[in-house]
Amino acid sequence: MAEITLVDAVNQALAYAMRENENVVLLGEDVGVNGGVFRATNGLQESFGEERVLDTPLSETLIGGVAIGMAAQGLIPVAEIQFMGFAYPTIDQLLNHAARIRNRTRGRLTCPMVLRAPFGGGIGAPEHHCESTEALFAHIPGLRVVIPSSPERAYGLLLAAIRNPDPVVFLEPKRIYRLVKQRVPDDGEALPLDVCFVLRPGDDVSIVSWGAMIHDVVAAADQLALRGISAEIIDVATLKPLDVKTILESVNKTGRCVIVHEAALSGGWGAEIAARVAELGLMSLLAPVKRVTGYDTIMPLFRLEHLYMPSIDRITKAVNAVMEFA
Amino acid sequence: MAEITLVDAVNQALAYAMRENENVVLLGEDVGVNGGVFRATNGLQESFGEERVLDTPLSETLIGGVAIGMAAQGLIPVAEIQFMGFAYPTIDQLLNHAARIRNRTRGRLTCPMVLRAPFGGGIGAPEHHCESTEALFAHIPGLRVVIPSSPERAYGLLLAAIRNPDPVVFLEPKRIYRLVKQRVPDDGEALPLDVCFVLRPGDDVSIVSWGAMIHDVVAAADQLALRGISAEIIDVATLKPLDVKTILESVNKTGRCVIVHEAALSGGWGAEIAARVAELGLMSLLAPVKRVTGYDTIMPLFRLEHLYMPSIDRITKAVNAVMEFA
Amino acid sequence: MVERYVRPDGEIVAQFDVRFSRFIEPGGKVVCTPLPPWADDSGVLIPIYRTMLQTRAFDAAALKLQRTGRLGTYASPLGQEAIGAGVASAMREEDLLVPSYREFSAQLWRGVTMTELLLYWGGDERGSDYRVPRQDFPACIPVASHCCHATGAAYAFKIRRQPRVAVCFLGDGATSKGDFYESLNAAGAWHVPVVFVVCNNHWAISVPLGRQTAARTLAQKAIAAGVASEQVDGNDMIAVRAAAEFAIENARSGEGPRLIEALTYRLGDHTTADDASRYRDASEVNAARARDPVSRLHDYLTGTEAMLSAADEETMSAEIEQEVNDAIEQYLATPPQPASAMFDHLFSELPQSMLDQRASAEGEQDHG
Amino acid sequence: MVERYVRPDGEIVAQFDVRFSRFIEPGGKVVCTPLPPWADDSGVLIPIYRTMLQTRAFDAAALKLQRTGRLGTYASPLGQEAIGAGVASAMREEDLLVPSYREFSAQLWRGVTMTELLLYWGGDERGSDYRVPRQDFPACIPVASHCCHATGAAYAFKIRRQPRVAVCFLGDGATSKGDFYESLNAAGAWHVPVVFVVCNNHWAISVPLGRQTAARTLAQKAIAAGVASEQVDGNDMIAVRAAAEFAIENARSGEGPRLIEALTYRLGDHTTADDASRYRDASEVNAARARDPVSRLHDYLTGTEAMLSAADEETMSAEIEQEVNDAIEQYLATPPQPASAMFDHLFSELPQSMLDQRASAEGEQDHG
Ligand SMILES: Cc1ncc(C[n+]2csc(CCOP(=O)(O)OP(=O)(O)O)c2C)c(N)n1
Ligand SMILES: Cc1ncc(C[n+]2csc(CCOP(=O)(O)OP(=O)(O)O)c2C)c(N)n1
Ligand SMILES: [Mg+2]
Ligand SMILES: [Mg+2]
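Everything numeric in this text was worked out from a predicted model, so none of it was measured.

Conventions adopted
- Residues numbered from 1 in each chain as written.
- Chains lettered and ligands numbered in written order.
- Predicted model: local features only at pLDDT ≥ 70, side-chain atom pairs only at ≥ 80, totals over all residues.
- Heavy atoms only, no water.
- Helix = DSSP H or I, 4+ residues; strand = E, 2+ residues; numbered from the N terminus.
- Buried < 20%, exposed > 50% of the residue type's maximum accessible area, 1.4 Å probe, protein only.
- Contact = heavy atoms within 4.5 Å.
- Areas by Shrake-Rupley, 256 points an atom, 1.4 Å probe, with all protein chains shown as cover.
- Pairing = 2+ DSSP bridges.
- Near = heavy atom within 4 Å.
- Polar contact = N/O pair within 3.5 Å; in protein donor to acceptor, adjacent residues only side chain to side chain.
- Nonpolar A, V, L, I, M, F, W, Y, C, P; charged D, E, K, R; others polar.
- Buried area = accessible area lost by both parts, 1.4 Å probe.
- Salt bridge = Lys/Arg side-chain N within 4 Å of Asp/Glu carboxyl O.
- Phe/Tyr/Trp six-rings, centres within 6.5 Å; stacked < 30°, edge-to-face > 60°.
- Axes fitted to C-alpha atoms, helices over the stretch in contact; angles between N-to-C directions.
- Domains from an automatic or database assignment.
- Donors = N, O, S within 2.8 Å, 3.2 Å for Na, K, Ca; no water.

1. Notes on the overall build of chain A
Summing up its helical and strand segments, chain A has twelve helices and 14 strands in all. Classification of the 326 residues of chain A by burial places 76% in the buried group. Summarising the internal contacts of chain A: among those between residues at least 6 apart in sequence, 82% fall at separations of at least 24. Accessible surface, chain A as shown: approximately 8200 Å² in total, 51% of it carbon and sulfur.

2. So, the pairing of strand 3 (residues 166-171) of chain D
Residue and element names in this part refer to chain D. The buried count for strand 3 comes to five of six residues, which makes it a mostly enclosed element. The pairing of strand 2 (residues 96-98) with strand 3 spans three bridges and is classified as parallel. Its bridge partner lying in strand 3, valine 98 is registered against cysteine 168. Pairing of strand 3 with strand 4 (residues 194-200), which is carried by six bridges, proceeds in the parallel orientation. If you follow phenylalanine 169 over to strand 4, its bridge partner there is valine 197.

3. Things to note about the site of ligand 2
If you check the shell around ligand 2, you find 20 residues, and the closest are A:Glu60, D:Tyr101, D:Arg102, D:Asp172 and D:Gly173. Among the chains of the assembly, those with residues near ligand 2 are chains A and D. Take D:Asn201: an N or O atom from its side chain is 2.8 Å from an oxygen atom of ligand 2. Note that an oxygen atom of ligand 2 is positioned 2.8 Å from one of the backbone N or O atoms of D:Trp203. In isolation ligand 2 offers 580 Å² of accessible surface; the protein chains occlude 95% of this area. Residues of the shell around ligand 2, tallied by class, amount to ten nonpolar, five polar and five charged.

4. Some details on the interface of chain A and chain C
Listed as interface residues are 43 residues of chain A and, on the opposing side, 45 residues of chain C. Here chain A and chain C share an interface that buries about 3600 Å² over both sides, 57% of which is from carbon and sulfur atoms. At the boundary of chain A with chain C, the tally comes to one salt bridge. Close ionic contact of C:Arg161 with A:Glu51 constitutes a salt bridge, the shortest N to O distance being 3.1 Å.

5. Topic: the packing of aromatic side chains
Each aromatic ring pair is summarised here by two numbers: the centre-to-centre distance and the angle between the ring planes. Taken as a whole and assessed by the stated rule, the structure comprises 27 aromatic pairs over all chains. A centroid spacing of 5.9 Å and a plane angle of 55° characterise the contact between D:Phe104 and D:Trp121, whose relative ring orientation is tilted. Placement of the pair is D:Phe104 in helix 3 (residues 104-110) and D:Trp121 in helix 4 (residues 114-121), with a sequence separation of 17 residues. Of the two residues, D:Phe104 and D:Trp121, neither departs from the other in class, the shared state being buried. Counting every residue linked through ring pairs, the aromatic cluster contains C:Phe58, C:Tyr74, C:Phe104, C:Tyr120 and C:Trp121.

6. Here's the deal with the interface of chain C and chain D
Taken together, the 55 residues of chain C in the interface contact 55 residues of chain D. Viewed at the interface, chain D and chain C are joined by two salt bridges. For D:Arg7, the salt bridge is made with C:Glu230, and the minimal N-O distance between the two is 2.7 Å. Taken together, the connections running from chain C to chain D amount to 33 residue pairs in polar contact (both at pLDDT 80 or more). Taken together, the elements giving at least two residues each to the side of chain C that touches chain D come down to strand 1 (11-21), helix 6 (178-190), helix 7 (209-212), strand 7 (228-233) and helix 8 (237-252) of chain C.

7. Considering the sheet that holds strand 2 (residues 24-28) of chain A
All names here are of chain A. Spatial strand order, 3-2-4-5-7-6-12: seven strands in an open sheet with mixed pairing. Each of the sheet's edge strands pairs with one partner strand only, and the pair in question is strand 3 (53-55) and strand 12 (238-240). Along the sheet, successive strands turn relative to each other by an average axial angle of 20°, direction set aside. One ladder, built from two bridges, connects strand 6 (residues 144-146) with strand 12; its direction is antiparallel. Looking across to strand 12, one finds that valine 146 is bridged to threonine 238.

8. A closer look at the sheet that holds strand 11 (residues 231-235) of chain A
Residue and element names in this part refer to chain A. With mixed pairing, the five strands of this open sheet are ordered in space as 9-11-10-13-14. Bordering the open sheet on either side are strand 9 (197-200) and strand 14 (290-294), each of which pairs with just one other strand. With strand direction ignored, the average angle separating the axes of adjacent strands in the sheet is 25°. With five bridges joining them, strand 10 (residues 205-209) and strand 11 adopt parallel strand pairing. What sits directly across from serine 209, in strand 11, is aspartate 235. Running at roughly 170° to strand 11, helix 8 (residues 213-226) makes contact with strand 9, strand 10, strand 11 and strand 13 (257-264) of the sheet. This element, helix 12 (residues 312-324), spans strand 10, strand 13 and strand 14 of the sheet and lies at about 165° to strand 14.

9. Concerning the domain arrangement of chain C
Segmenting chain C into domains produces domain 1 (20-337) and domain 2 (339-368). Relative to domain 2 of chain C, the C-alpha centre of domain 1 of chain C lies at a distance of 37 Å.

10. With respect to the coordination of the magnesium ion (ligand 3)
All names here are of chain C. For the magnesium ion (ligand 3), the full set of protein donor atoms is Asp172 (OD), Asn201 (OD1) and Trp203 (O), at a range of 2.0 to 2.1 Å. Every donor residue of the magnesium ion (ligand 3) comes from the same chain, spaced as D-x28-N-x1-W. Linking aspartate 172 in the loop between strand 3 (166-171) and helix 6 with tryptophan 203 in strand 5 (residues 203-204), this pair joins segments that are 31 residues apart in sequence. For the pair formed by aspartate 172 and tryptophan 203, the shared burial category is buried.

Next comes the structure, spelled out in structure tokens:
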């Protein structure tokens, strides 16, 4: 079995889901013959036809909205937004309709849709192409927000998202679309939603992160290990609903918590995690909960991007700070 | 001097700003002859003419977007969105343009606009009319988010927002639009943005809140006082940028912190405050930081609204819990 | 300065007409023929007329409930009853209604009960759990956002080869919204079976049509999307139904989407939270009353063809009154849902991590 | 079943034409007269032609920089140079350009420098801090979102009684977006001086126009908003400039907004991140090359009127080459901004509460 990239794993999961269930349809800008600007839907129109792999007009509100109409009719639309910076017009549809149609009709109508979008910086793309605004989606009641950190995780979580009977926002860390390769058996095995994964066990500090940053966290943990600091790494994976239990168990053990995300600090999803730890894990904390994040500034154009995004150096410094706290 | 309501104070501030600066223009749905659905712009079209008080077509994306074009030309648009549930289409314009035009042009173009919208539940309005989604706006770098809790505060903060050379989202707690009356001298005195107000000093617990909930917090504090618990009440007022200092000073003194907001728990702005306290005030905490908030559910239609919104009872219970924590 | 240059006109590369139709004028007189084949069929017309009367009776009752504090903010359909009833009567059961918040006559025709409508406007989610029609969308509050849903559902009909049509109602103000336009444009590009019905009542709360758009008609909005359209007298049920029948059957047979602009007038306040006297003249409203759709159909039915007797109408009114009273009674007798209801339909299954929130809500209600 | 009923046609209540104009066909031949008065004025035409050549030379250089890793993702204007140059040359200095990301020829005409353009596409905010024109908007990336800004700025011109016009460029794909429609509709309702120029290059990345909309022309999109519009051959600079002049001066004199659809073709890939061979035939591209706007104007200028000699053109090309080389040099020599630059223009004044964030960013850069 060949090793595949994260974006290939997305493609593989989409193909599996489409074979498995004829109700699954893909839609978005350039998802058809072009296979998506990142090639996540490569070859799928050829395999499944133009009706099931639909190029939409250039209209993001529409993409979010028609998916709801399709889903209410029992289709399972998997909609692609080309870059997260263009996904904001869908918030209206997600918040006012997708996330609540089940509730407001007492279960009569449902919305089994997935909204996929690449997010995050670090690829030298133009402005509006590099932000991490997952917190905007994760705050919305009734939505699930899922972010994979590896090919394996992408395959299993995306299958789970598609099979889930409720709306899921699935954000793909495009910086690592082609960074690592893994063997990912095309066996249709989904991963559980609603749980955080302990990626590496450790004793001294819990580092909580998701998406592309996981790779920098692992690199930081490797450096820390050389200096005798044992970091437990938690890949949040499903941001909402948040599996607080796994995080708390880890912090109870290590007594220290560092949260790492690319998104701006204030109101980032790290705030929620820190707040939960502060409420439910306070007594096990040996040091303050630290967040290593983007600044509360506009993500700069790509010449300065590397200074905005949390670096391995910033992560290790934060860990040192909590280790040395007394 | 007559006492006026919060919505009257908004009107008074708008009128003052329009007299003071001919660049100030108002726009929105029904803001003209109708004076806004809550009458916040009552009489202003009569006083200042149709060009400065502009009824827009029914298009919220447009309202957010044209304000940017106006502001880049040196006007000071104060745009009204009729209910916060209809403000989501403006997020695209606020995030991708309003909040960053100064930065991306290195100060060449600026965006001195204000986006006003009523928010919150408790008035028996239809669905989509009652949510509190301030966190969606507060997460956006480059935006200020301001919420008044009284007529006085509304007048002074709105004037400050209008005079501020950068974009401000000004959210008005409609449940208390007409709840209390105060004397509010029409003297053009603005209140500072970027600071939290200590509304009532206390020793045992810091209760941090904003908007309409402040009134329930005060009621709760009154009850607690009868039982000998002295609560310090902080009216956050400017959610972003957050004046962490004032909050930390309070928590350093009291050792306990309860945050109260109507918005859903997860990813609400209370998470950011709790995270800051957990990072910077950990060592002074005698008990976990508690949040009393709406649930992570859809705000129910109005028959059940009262069970969704934090009640005085839930607030006092949370305070009791942190007081009894050991 | 040179003499003013006049550019050559350029070649005409596309041409468009907007057409208007009306069959029955106020007073019930026929002004256009041939009438549709069902226009002398009381078996077709009386049930529609009945739905219009039901709607009017329901409206009066709802306004009274609201004024006495037993209903929330409520949007009256007064004066617009012909559009919903006419269009819905041209739909099949298996078609899909995607209504805005004022389409009571369409909803009642399709089987939504008055009790359900009262529950919804009375702040209870159960009001949108229609026993029939199970697949219809609930009333949409964020104006025009539901247009996308209609196009999306129609796309599902198309690729499943179902001979079904989605029918979406919206107002004149709603046509200013981008999602309306995006939905119409996609419907055109995808050639899906959806019909948009614009109820042009000339006001969007306080904003008159002339401030909403420079377009002379709302039918012409469809030209931008390459979608066929027409304008009808929305207070003439016969014209409405004829246009709807044409549009719906066209769509069903694969001819693509269509837009109908139905001219009408909002006789009441925008909602019970509104006071229309602040922004429009009584004279305009009075003039509009003369074009009332219910009396127009009444006059037609009781006119030359004599399809409806006074006695029949009296019986019908009595039945409707009883229906309304029963609905009110049932509505008022419906106990509120428990606090846990907030959690019951949030997801297909409540995540473990939210069990404590549900418990807290239940606890508060018990001890509250 | 009854015999198929044919509804009466209905009365025509509105009619619309879409007109197309072209003056010069490929090869430089005049196909329509009278030509605009400036069509034989080399003082007008040569500077425009020069800007088109500049744009093309800049484009070639930028593509080379990108391929060698010295520029970010970049969007080539190849084949569309006549539109920006033609329209911008009809604007006054005090008018306002609100461009999309492909309007280099318009920006160069108005004084944006090649160095600034390179800086922007090279990932440096200083590229949007134009020395001139100070008020023009920077390139807009989220498609169509800038249409609102143009309408808003035009509103400011109107209420300040400034005889200025906002000119907004967008693509064919962008016309599918709701914000385009909302902006056009409001411009019509408010009667403000804004001109929308739709560069219809027939592709939105991989999506051909026929999948974008069922509308036969994009000019007809304006009918929905009650706004006047027309279609021109966008590869014929004379036709573009004539239409732009008319629209802009109309708007300036209070006649309201107008939309111009300029037909052109994207000869290159969508951006350097795109591979157009995946979705379109080389034959289509080759056919489009024959309609190239630069050679068409060249042929016209060197034709019967002989407004441009080979020697003049050679000098011009040499100057432009020098200009491009200077710009590249200046661009490559520009050191990056310090980390603190992220904070410098976030607000007019950085809030106290963010000083620690700035310090941290500066600290990291120092020790990083
Ligand atoms: C997106 C959105 N913005 C604002 C509102 C508030 N609002 C409710 S109805 C209405 C006017 C709608 O006018 P129209 O579309 O003509 O429908 P009508 O009420 O006349 O039937 C407005 C502005 C809303 N419901 N949705
Ligand atoms: C709102 C938005 N959605 C998606 C994109 C990604 N994208 C960039 S250009 C483009 C196609 C634009 O086509 P068109 O408007 O025809 O302009 P052209 O590139 O052909 O000049 C797309 C989809 C974007 N920039 N903005
Ligand atoms: Mg209306
Ligand atoms: Mg294009």
